[in-house]
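# Geometric and topological summary
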Amino acid sequence: MAKLKKPEAIVFDMDGTLFQTESLLLPAYHKMFDILREEGLYAGPTPPEERILGSLGMLLAQIWHNVMPEADEAVHRRADELLLQLEIEGLEAGGTLLYPKVVETLHALNERGVRLFVASNGLADYIHSIVVVHELKELFEGLYSAGGQGTATKTELLGILLKDNGVSSAWMVGDRSSDVEAGKGNGQTVIGCGYAGFGRQEELKGSDVIISAFDELIGLYDSAESQG
């Protein structure tokens, strides 16, 4: 295992890392297709759930190409609007879940003086709503999203976050290959999350460490070498 150095900041992906996406996504996904059919924009059965779960962590445009490749761009853009609306309604209704020990672990890292950020390929309003509903807002110094920052890759998004906040050493924590690429592409340490099950294990290849539970981060941080 790589010998880790204590970072100034830890940057978290959202879906499959902090947030149990399927607790919100799957009901919204089925409702969205019901509405698309009612509006005459989609015919036929709802595509299998595996298609959307397997696309988590991608940009929305890529998700819809995977889920309904035969539909045109106008349908994809309507799907963007509907899914966001339905997910925010679902968040506000309650019952969505973070992974076990996320809240306690973030508080523990915050108490140790670590600067905490989110970098997600999701939409800005979606990320903001999760953080507000789950009462995490005061823990994060910044919420960065592909939707909010208009980036085409997670690597670019992380680069902007690091530059904006003057961060030279960070851990990028996430569950998809895009998180590994983002961390390594910016010369940072990558902690791969192996507990979500949306991605395949090979997606985490190149991570410095792979964790099987979120609260392992505390031990990793406490045993890491101080910088300098």
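Structure shown above.
Here's a quick rundown of the structure.

Basis of the calculations
Residues numbered from 1 in each chain as written. Predicted model: local features only at pLDDT ≥ 70, side-chain atom pairs only at ≥ 80, totals over all residues. Heavy atoms only, no water. Helix = DSSP H or I, 4+ residues; strand = E, 2+ residues; numbered from the N terminus. Rg over C-alpha atoms; globule rule 2.2 N^0.38 Å. Areas by Shrake-Rupley, 256 points an atom, 1.4 Å probe, with all protein chains shown as cover. Axes fitted to C-alpha atoms, helices over the stretch in contact; angles between N-to-C directions. Parallel < 35°, antiparallel > 145°, perpendicular 65-115°, else oblique. Contact = heavy atoms within 4.5 Å. Nonpolar A, V, L, I, M, F, W, Y, C, P; charged D, E, K, R; others polar. Buried < 20%, exposed > 50% of the residue type's maximum accessible area, 1.4 Å probe, protein only. Pairing = 2+ DSSP bridges. Salt bridge = Lys/Arg side-chain N within 4 Å of Asp/Glu carboxyl O.

Let's shift gears to the overall build of the chain. Of regular secondary structure, the chain possesses ten helices and six strands. For 228 residues, the compact-globule estimate of 2.2 N^0.38 gives 17 Å, and the C-alpha radius of gyration of the chain, at 18 Å, lies within 12% of that figure. Dimensions along the principal axes, computed over C-alpha positions, put the chain at roughly 60 × 30 × 30 Å. When the accessible surface of the chain is split by element, carbon and sulfur atoms take 51% of a total near 10000 Å².

A few words on the packing of helix α4 (residues 73-93) against helix α6 (residues 124-133). Packed helix pairs are specified by the crossing angle of their axes together with the interaxial distance, meaning the distance between the axes. α6 packs onto α4 with a crossing angle of 5° between their chain directions and a minimal axis gap of 10 Å. The pairing of α4 with α6 is recorded here as roughly parallel in orientation. Where α4 abuts α6, its residues L84, E87, I88 and L91 lie against D125, Y126, S129, I130 and V133. Residues that form the contact of α4 with α6 fall into these classes: six nonpolar, one polar and two charged.

This part is about helix α9 (residues 177-185). In an α-helix there are 3.6 residues to a turn, and that puts residues three or four apart on one side. Restricting attention to buried positions, one finds in α9 the residues S178, D179, V180, A182 and G183. Where α9 is buried, its residues touch α8 (154-164), β4 (170-174) and β5 (189-193). Phi turns positive one or two residues past the end of α9, at G187, with a value near 70°.

Let us look at the pairing of strand β1 (residues 9-12). Here β1 shows no split at all, with A9 and V11 on one side and I10 and F12 on the other all buried. When β1 meets strand β2 (residues 115-120), the two strands line up parallel, connected through four bridges. Across the sheet, residue A9 finds its bridge partner in β2, namely R115. Bridge count between β1 and β4: four bridges; the pairing is parallel. Of the residues in β4, the one forming a bridge with F12 is V173.

As summarised here, the arrangement of the six strands in space is β3-β2-β1-β4-β5-β6, forming an open sheet in which the pairing is parallel. The open sheet terminates on both sides in strands that have one partner only, identified here as β3 (142-145) and β6 (209-211). Averaged over all neighbouring strand pairs, the angle between strand axes comes to 25°, with direction disregarded. When β5 meets β6, the two strands line up parallel, connected through three bridges. Its bridge partner lying in β6, I191 is registered against V209. Across the sheet, α6 touches β2 and β3, and the angle it forms with β3 is around 145°.

Next up on the list: α6. Among all positions in α6, only Y126, I127, S129, I130 and V131 are buried. In this structure, the buried side of α6 is in contact with α1 (22-38), α4, β2 and β3. Two residues or fewer past α6, E135 is found with a positive phi of approximately 55°.

Enumeration over the complete set of coordinates arrives at twelve salt bridges. With a closest N to O distance of 3.3 Å, D13 and K154 form a salt bridge. Of this pair, D13 sits in the loop between β1 and α1 while K154 sits in helix α8, and the two are 141 residues apart along the sequence.

Limitation: the analysis is restricted to geometry and does not speak to function.
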